[in-house]
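# Topology and contacts: notes
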Amino acid sequence: MAKEELMQFDGLVIEILPDARYRVQLDQGHEIVAYTAGKMKKNRIKTLAGDRVTVEMSPYDLEKGRLVFRHKDERSAGPRPPIRGQFRRR
């Protein structure tokens, strides 16, 4: 038996919940609870309320999902100023 295809939706994080879970409002208007995918945890990608995200969902349970991508917002696209007070390693 083949593995079922996962559905991907775009949404907006509206609330941060305990245990690394988020309440996400999908573009279609539905609200789901989603958790952070393992690669996002491994690479320490932080997600805040108001971030645009891509959510993967199983066709069997449309109330839960997994955050697989955090979209970059327009205001952070420019070059960042250097951080002062940091030591350089040699």
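Everything below is about the structure printed above this text.
Residues numbered from 1 in each chain as written. Predicted model: local features only at pLDDT ≥ 70, side-chain atom pairs only at ≥ 80, totals over all residues. Heavy atoms only, no water.

Another aspect to go through is the sheet that holds strand β3 (residues 31-36). Strand order around the closed barrel formed by 5 strands is β1-β2-β3-β5-β4, with mixed pairing between neighbours. Each strand of the sheet is rotated relative to its neighbour by a mean of 55°, with strand direction disregarded. Here strand β1 (residues 7-17) runs beside strand β4 (residues 52-57); their pairing, made up of 6 bridges, is antiparallel. What sits directly across from L12, in β4, is R52. (Pairing = 2+ DSSP bridges. Helix = DSSP H or I, 4+ residues; strand = E, 2+ residues; numbered from the N terminus. Axes fitted to C-alpha atoms, helices over the stretch in contact; angles between N-to-C directions.)

Bringing the pattern of salt bridges into the picture now. Oppositely charged side chains can form a pair if their charged atoms are brought close together. Within this structure, the stated rule accounts for 3 salt bridges. Its salt-bridge partner being R23, residue E15 comes within 3.1 Å of it at the nearest N-O pair. On the accessibility criterion, E15 (35% relative accessible area) is partly exposed. Take R23: its relative accessible area is 27%, and that puts it in the partly exposed class. (Salt bridge = Lys/Arg side-chain N within 4 Å of Asp/Glu carboxyl O. Buried < 20%, exposed > 50% of the residue type's maximum accessible area, 1.4 Å probe, protein only.)

What follows is about the pairing of strand β5 (residues 64-70). With 4 bridges connecting them, β3 and β5 associate as parallel partners. Residue pairing for β5: V33 is matched across the bridge by K64. Here β4 runs beside β5; their pairing, made up of 4 bridges, is antiparallel. Its bridge partner being in β5, E56 is matched across the sheet by R66. The antiparallel pairing of β4 with β5 creates a hairpin that spans 6 residues between the two strands.

With that settled, consider the side chain of E56. With respect to the secondary-structure elements, E56 resides in strand β4. Of note is the side chain of E56, whose polar atom sits 2.6 Å from the side chain of R66. (Polar contact = N/O pair within 3.5 Å; in protein donor to acceptor, adjacent residues only side chain to side chain.)

Its location among the elements puts T47 in the loop between α1 (38-42) and β4. T47 sits in the buried class, given a relative accessible area of 5%. With near-sequence residues (within four places) excluded, T47 lies in contact with V13, I16, Y22, M40, V53, L67 and R70. (Contact = heavy atoms within 4.5 Å.)

A few words now on the layout of surface pockets. As a volume, the second largest pocket reaches approximately 160 Å³. Together, L6, R21, V33, Y35, E56, M57, S58, D61, K64, G65 and R66 line the second largest pocket. The set of elements that each furnish at least two residues to the lining of the second largest pocket consists of β3, β4 and β5. Here the lining of the second largest pocket gets 3 residues from one element, more than from any other, and that element is β5. (1 Å grid on protein atoms, 1.4 Å probe; cavity = no way out; pocket = protein on both sides within 12 Å on 5 of 7 lines; lining within 4 Å. Points joined across faces, edges and corners; volume = space filled by probe spheres on them.)

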